Amino acid sequence: MCGIVGFTGSANAVPKIVKGLKVLEYRGYDSVGLAAQLNGEIKTLKCKGRVDALRDKLEQEHFPATDCAIGHTRWATHGGPSDINAHPHSTDTLALVHNGIIENYRELKAQLLEKGVKFVSETDSEVAAWVITEEYKAQKDPIKAIYSSLKKLSGSYAFEILFKDRPGEIFAVRQGSPLILATGVDGGYIASDMTALLPFTDTFCFLREGALAHVTKDSVQIVKEDGTLEEPVWQKTDMTVEAAEKCGYPHFMLKEIHEQPNAFLKTVSPRIKNGLPDFSGDGVSDDLLRRAKKIYIVACGSAMHAGLCGKYLIEHWAKIPVTVEIASEFRYNDPLIDSDTLMIIVSQSGETADSLAALRYGKEHGAFTMGIINVVGSSIAREADATLYTYAGPEIAVATTKGYCVQVAAFMLIAAKLSALCGTLSENEVRTLCSELCRDVPKAIEETFSLHDEIKEIAKKLYQSENLFYIGRGIDYALGVEGSLKLKEISYIHSEAYAAGELKHGTISLITEGTPVIAVATSARLYDKTVSNIRECSSRGANVLFICYNDAHQPENVADTVLRLPKVGRHAEMLAAMTAMQLIAYEVAVLRGCDIDRPRNLAKSVTVE
Ligand code: G6P
């Protein structure tokens, strides 16, 4: 949610900022801008639109080279997308970029208006810029001014600030929104996400909550409120620039779908030791897991949908009751937490504001908290009692695919582990399960890629639809919910997922001649029941695509189109079915000419509540 990047050093900062912003576009892409230090002045250029629009403007205006600049790509919260609301926001003293929300900006704005401040934008960020300006004028010291301003601001923020009279220096501070520091051969960097800095360096420091960074061309310092320095903790990453590039695929989404088999294996195999799931490397002791009498899975969006699969897997194998909660609702639903509660927070980015708030609530109320997180060092990963990292690598497409896949992978492991600890499966059964997961799931996803041409034909039948329904039972319903979200978010076709047996309780009134329905059955267990529900739809005119397990009994007799999943072992069908649904959504969106990696109105990392 909003990408920010800054550089100060011995090279021209402008191309670095543009490059960094381009990578960060997935965090928001409705307006963009940069501010540069130039001969004791700050020059700002910003516009509605994407990084390419800024690049064109920079060229048209022959924007001069500078050794110090900050940039921003925005996902609008306060104030619609426009040139004026684009960041950076400037005062007579400074320029600032902001990721997050200042919750008390109205009161602060009223006070500043009384003092005669003239605002040009509708944003909360401009208010923060003026609060810091007023403090700077009073205190004449940027670090003191920023720290005292923070006492007035409530909400979440990551700021990068240039002061007019401090050439070559970037000040940055965070609370609730991430910031990553880095040093390269030619200077210091600071960005909201490591991927923006991968082209320049492989050594990073995650700025801790509430900390202030002072970046100059010679040093990257963390300065405490009393003016003393804190030693940055530097870490090397093995993430490569290619991980954040398309590598010949037309879209990141397609590349990431194809990365799923490997991501699954990378997540699962290191955690299987002597044939059994082992989380000792993740700091999750068996004793802690044994204590879990009930489990809350809390997350947003697709991560929550992965949690729905987690519920089925854990309840089916380990027989522990699981409640899946939408993170934005969790705190307000009076959850029943005690010290026997295991709370699993699922988040690709590890920064989603509602998930983070839910985690903090769970901790305060005594739950043992465990993150399933993809981004190393992210806020949720750092605050949870333990974290199972998923090893999907950077996910750039806004619509998650491999991120979801590895979350389901983590739940497969957790369910296997819990069933071993609870004795609901014998040690031998768990061993077999683990070896099947490693052997079959990546293969099943791989083999689903060979259905791509068939899926392209299916997409031709679907892409002009206005409404579409996904139906399934049990885990197939959970899969349908995610399949439906994929289609909605990238193709803008309205779709809904229903538990197949529930459709007749109202929604079936929407099924008319030709209404497309995608039915999913990944196992024999509920096949006949799902078939009955398909018949209820087709007898009312629905056009049914049936995604079913390979040995399904005569699906051709029930549906207009059948997509048989590859013949693989048990437990592998679910991610094969999901891959098929991801490819369907992708191909439909291609035919509709949609902006697949950057769907309208969305952002990948949602750091506001
Ligand atoms: C955003 C993204 C979704 C994602 C959700 C949760 O809404 O567009 O794709 O599922 O946030 O993100 P997280 O990083 O917490 O998994």
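Residues numbered from 1 in each chain as written. Predicted model: local features only at pLDDT ≥ 70, side-chain atom pairs only at ≥ 80, totals over all residues. Heavy atoms only, no water.

> Outline helix α18 (residues 573-591), supporting the account with residue identities and numerical values.
A rise of 1.5 Å per residue sets the reference length of α18, with its 19 residues, at 27 Å; its end C-alpha atoms lie 27 Å apart and thus fit the reference within 8%. A positive phi of about 70 degrees marks G593, the residue just after α18. (Helix = DSSP H or I, 4+ residues; strand = E, 2+ residues; numbered from the N terminus. Expected span 1.5 Å × (residues − 1).)

> Outline the pattern of salt bridges, listing residues and values.
Across all of its chains, the model carries 34 salt bridges by this definition. One salt bridge in this structure joins K22 and D52, with 3.4 Å as the shortest N-O distance. Of this pair, K22 sits in helix α1 (residues 13-24) while D52 sits in helix α2 (residues 51-60), and the two are 30 residues apart along the sequence. For E259, the salt bridge is made with K255, and the minimal N-O distance between the two is 3.2 Å. Judged by relative accessible area, E259 falls into the partly exposed class, the value being 24%. Here the salt bridges share partners, and the residues they tie into one network are K22, E25, D52, R55 and R598. (Salt bridge = Lys/Arg side-chain N within 4 Å of Asp/Glu carboxyl O. Buried < 20%, exposed > 50% of the residue type's maximum accessible area, 1.4 Å probe, protein only.)

> How would you explain empty space enclosed by the protein if you had to name every residue and give the values?
What the rule picks out here adds up to two cavities of 30 Å³ or more. Counted as a void, the largest cavity has a volume near 70 Å³. Lining the largest cavity are 13 residues, with C2, R74, T77, H87 and G100 positioned closest to its centre. Contributions of two or more residues to the lining of the largest cavity are made by β4 (68-74), β6 (94-102) and α4 (124-139). Tallied by class, the residues present in the lining of the largest cavity amount to three nonpolar, eight polar and two charged. One number sums up the size of the second largest cavity: a volume of about 30 Å³. Looking at the second largest cavity, the residues that line it are L288, R291, A292, S339, D340, T341, L342 and F368. Partitioned by chemical class, the residues of the lining of the second largest cavity number four nonpolar, two polar and two charged. (1 Å grid on protein atoms, 1.4 Å probe; cavity = no way out; pocket = protein on both sides within 12 Å on 5 of 7 lines; lining within 4 Å. Points joined across faces, edges and corners; volume = space filled by probe spheres on them. Nonpolar A, V, L, I, M, F, W, Y, C, P; charged D, E, K, R; others polar.)

> Mind laying out the nonpolar core, listing which residues take part and the relevant values?
Core analysis: the biggest nonpolar cluster contains 103 residues, and I295, I314, I344, I414 and L575 have the highest contact counts within it. If we skip the residues at most four places from it in the chain, I414 touches F279, I314, I344, M370, I372 and L388. In terms of nonpolar packing, the next biggest core, distinct from the first, is built from 29 residues, W130, V131, V173 and L212 among them. (Core = buried A, V, L, I, M, F, W, Y, C linked by side-chain atoms within 4.5 Å. Contact = heavy atoms within 4.5 Å.)

> Please set out the sheet that holds strand β9 (residues 180-184) residue by residue, giving values where relevant.
The eight strands lie next to each other as β3-β2-β4-β1-β10-β9-β11-β15, forming an open sheet whose pairing is antiparallel. Each edge of the open sheet is held by one strand with a lone partner, namely β3 (41-48) and β15 (235-236). This element, α2, spans β2 (31-38) and β3 of the sheet and lies at about 130 degrees to β3. (Pairing = 2+ DSSP bridges. Axes fitted to C-alpha atoms, helices over the stretch in contact; angles between N-to-C directions.)

> Go over the pairing of β2 with me, naming the residues and quoting the values.
Successive residues of a regular strand alternate their side chains across the two faces of the sheet. In terms of burial, β2 is a largely internal element, eight of the eight residues being buried. Here β2 shows a buried face lined by S31, G33, A35 and Q37 and a second buried face lined by V32, L34, A36 and L38. As paired elements, β2 and β3 share eight bridges and run antiparallel to each other. The residue bridging Q37 from the neighbouring strand is I42, located in β3. In sequence, β2 turns back onto β3 through a hairpin of two residues, with N39 there showing a positive phi of about 45 degrees. Across six bridges, the pairing between β2 and β4 is antiparallel. In the strand pairing of β4, A36 is matched with A69.

> Give me the lowdown on the sheet that holds strand β21 (residues 368-373), citing residues and values where you can.
The parallel open sheet is built from five strands, whose spatial order is β19-β18-β20-β21-β22. Since the sheet does not close on itself, it has two edges, and those belong to β19 (322-326) and β22 (386-389), each with one partner. The sheet shows a mean angle of 20 degrees between the axes of neighbouring strands, taken without regard to direction.

> Which residues make up the site of the ligand, and what values do they have?
In the vicinity of the ligand, 13 residues are found, and the nearest of them are S302, S347, Q348, S349 and T352. Within the contact set of the ligand, an oxygen atom lies 2.7 Å away from a backbone nitrogen or oxygen of Q348. For the shell around the ligand, the element with the most residues is helix α9 (residues 301-317), which contributes three residues. (Near = heavy atom within 4 Å. Polar contact = N/O pair within 3.5 Å; in protein donor to acceptor, adjacent residues only side chain to side chain.)

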